Amino acid sequence: MGHSDTSAHHAEHGRSGPVVVGVDGSEAALRAVTWAAHEARLRHAALRIVHAIGIPDFFPGGAISPSTELFHLLERDADAALADARELAERVGGGIVVGTETLTDSPVVSLIDESARARCVVLGESGRGAFAGALLGSTTITLAAHARCPVVAVRGPGERVQANTVVVGVDGSELSDDALGCAFEQAAFRGARLVAVRATGDGDTGEPGARSPVPSGGEPPDGTEHRVLAECLAGWAERYPDVEVQRDVARAKPRQRLLDWSDSADLVVVGCRGRGGFRGMLLGSTSQALLHHATCPVMVVRRHCATVPQGV
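Cut-offs and rules
Residues numbered from 1 in each chain as written. Predicted model: local features only at pLDDT ≥ 70, side-chain atom pairs only at ≥ 80, totals over all residues. Heavy atoms only, no water. Helix = DSSP H or I, 4+ residues; strand = E, 2+ residues; numbered from the N terminus. Buried < 20%, exposed > 50% of the residue type's maximum accessible area, 1.4 Å probe, protein only. Contact = heavy atoms within 4.5 Å. Pairing = 2+ DSSP bridges. Axes fitted to C-alpha atoms, helices over the stretch in contact; angles between N-to-C directions. Phe/Tyr/Trp six-rings, centres within 6.5 Å; stacked < 30°, edge-to-face > 60°. pLDDT = per-residue confidence, 0-100. 1 Å grid on protein atoms, 1.4 Å probe; cavity = no way out; pocket = protein on both sides within 12 Å on 5 of 7 lines; lining within 4 Å. Points joined across faces, edges and corners; volume = space filled by probe spheres on them. Nonpolar A, V, L, I, M, F, W, Y, C, P; charged D, E, K, R; others polar. Core = buried A, V, L, I, M, F, W, Y, C linked by side-chain atoms within 4.5 Å. Right-handed = clockwise from strand over helix to strand, strands pointing away.

Quick look at the overall build of the chain
At step 1: The helix and strand tally for the chain stands at ten helices and ten strands.
At step 2: When the 312 residues of the chain are sorted by exposure, 51% land in the buried category.
At step 3: Long-range contacts, defined here as pairs at least 24 residues apart, represent 84% of the contacts in the chain between residues at least 6 apart.

Printed below as a string of structure tokens:
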């Protein structure tokens, strides 16, 4: 599937290093470990499993330190979560190198730091303990908005049949182009088809989980939108000639279109802070809909930032 091209893409985006997955002992976290182990195996990469005790969350401001007894209890829980995750990763990873570590910072700070050296950062859709709510509300928005590598939210049933389909949202922005690169890369490694979605609705309104049928997008778009999508795809299609590409152009809400495609996809890829139909992807209802209602894993891609914001 053209691994030399893929390696060039890695170099271009600076994405080497391990696949990182955050765990907290929950079933959702173990599903994330399974996804991350398969990803590491596909990429011939190492897997790094981390658990954040989140001392600052328990003792904000550092005015009071945890007692030795409490710290040992937190460490014991972390060790148990990491042991279960390692056993699973080694079982499904097919010989990948697995490393584990307990971190004392909060989950979002820990994972932003990890993202500087990671190929991607993976989290389950929900959980308990230090990572509880990591994909609910502001924590995920902060992580996805500031991570220096793609962030994957593993959603959907764990035993779902593979659809051999990767879906990507396209709005013509530079960030959308980054998302396209990651989506082509994912499709190439998986031997999957790529569905490029250009939704030209005026924004998202209504309930977060609202859907629109994939086969019909309402009023047929004019030829301009098809040409824009073709131009966005051209360079990547040349780089990945073995990837089958399906184009979906519709006057529909971006959120609704992507949510419905998630029912029949293995992965949905979106860019952070795009323009047009995907503006505010991680700041409003579209992101909430994808992170809460998508029925497959969601990968969020943004441009690398040089500094980590303080106080997150």
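More follows now that the structure is in view.
Here's the deal with the sheet that holds strand β10 (residues 298–301)
Pairing between the strands of a sheet comes from backbone hydrogen bonds, and it takes one of two forms, parallel or antiparallel.
At step 1: What the ten strands build is an open sheet, ordered β3-β2-β1-β4-β5-β10-β9-β6-β7-β8; its pairing is mixed. Among the strands making up the open sheet, the edge pair consists of β3 (98–103) and β8 (245–250). The mean inter-strand angle of the sheet, taken between neighbouring strand axes irrespective of direction, is 20°.
At step 2: With respect to the sheet, helix α5 (residues 107–115) is in contact with β1 (19–22), β2 (47–52), β3 and β4 (120–124), its orientation differing from that of β2 by roughly 155°.
At step 3: Its contacts with the sheet put helix α9 (residues 254–262) on β6 (165–169), β7 (193–199), β8 and β9 (267–271), and the angle it makes with β7 is roughly 160°.

Re the packing of aromatic side chains
At step 1: A complete count under the given rule lists one aromatic pair for this structure.
At step 2: Between phenylalanine 184 and tyrosine 240 the ring centres are 5.9 Å apart and the planes differ by 20°, which places this aromatic pair in the stacked class. Here phenylalanine 184 is found in helix α7 (residues 174–190), whereas its partner tyrosine 240 is found in the loop between α8 (223–239) and β8, with 56 residues between them in sequence.

Here we look at the confidence of the model for the chain
At step 1: When pLDDT is averaged across the chain, the result is 78; 71% of the residues are at 70 or more.
At step 2: Note on residues 132–137: pLDDT under 50 across the span, and 18 contacts to partners over four residues away in sequence or across chains.
At step 3: Confidence drops under pLDDT 50 across residues 205–210; counting only partners more than four residues distant or on other chains, this segment forms twelve contacts.

Some points on the side chain of glutamate 225
At step 1: Among the secondary structure elements, glutamate 225 is positioned in helix α8.
At step 2: Residue class for glutamate 225 comes out buried when judged on its relative accessible area of 19%.
At step 3: In contact with glutamate 225, not counting residues within four places along its chain, are Arg198, Thr200 and Val249.

A short note on the layout of surface pockets
At step 1: Of the pockets and cavities examined, the largest pocket occupies roughly 680 Å³.
At step 2: Residue lining of the largest pocket: 27 residues in total, with Thr34, Trp35, His38, Gly158 and Gln162 positioned closest to the centre.
At step 3: Residue contributions to the lining of the largest pocket peak at eight residues, all from helix α2 (residues 27–43).
At step 4: For the lining of the largest pocket, the class distribution of residues is nine nonpolar, seven polar and eleven charged.

Some thoughts on unusual backbone geometry
Negative phi values dominate among residues other than glycine, just as trans dominates among peptide bonds.
At step 1: The phi dihedral of histidine 44 is positive, around 55°, even though this residue is not glycine.
At step 2: Among the secondary structure elements, histidine 44 is positioned in the loop between α2 and β2.
At step 3: For asparagine 164, which is not glycine, the phi dihedral falls at a positive 55°.
At step 4: Looking at the element boundaries, asparagine 164 is found in the loop between β5 (151–154) and β6.
At step 5: What makes asparagine 164 partly exposed here is its relative accessible area of 42%.

Side note on the nonpolar core
At step 1: In this structure, Val21, Leu47, Ile49, Val122, Val168 and Val269 are the most contacted members of the largest nonpolar core, which totals 47 residues.
At step 2: Ignoring any residue separated from it by four or fewer positions in sequence, one finds valine 168 in contact with Ala179, Leu180, Ala183, Leu194, Val195, Ala196, Val197 and Val269.
At step 3: Counting residues in each nonpolar core, the second largest holds 17 residues, with Val195, Leu259, Leu290 and Val298 among its members.

Side note on the pairing of β6
At step 1: Of all the five residues making up β6, five are buried; the element is thus mostly covered by neighbouring parts of the structure.
At step 2: Burial along β6 is two-sided: Thr165, Val167 and Gly169 and Val166 and Val168, pointing in opposite directions, are all buried.
At step 3: When β6 meets β7, the two strands line up parallel, connected through five bridges. Across the sheet, the residue bridging to valine 168 is alanine 196, located in β7.
At step 4: The β-α-β motif built from β6, the intervening α7 and the parallel element β7 has right-handed crossover chirality.
At step 5: Pairing of β6 with β9 involves three bridges; the strand directions are parallel. Across the sheet, valine 166 pairs through a bridge with leucine 267, a residue of β9.

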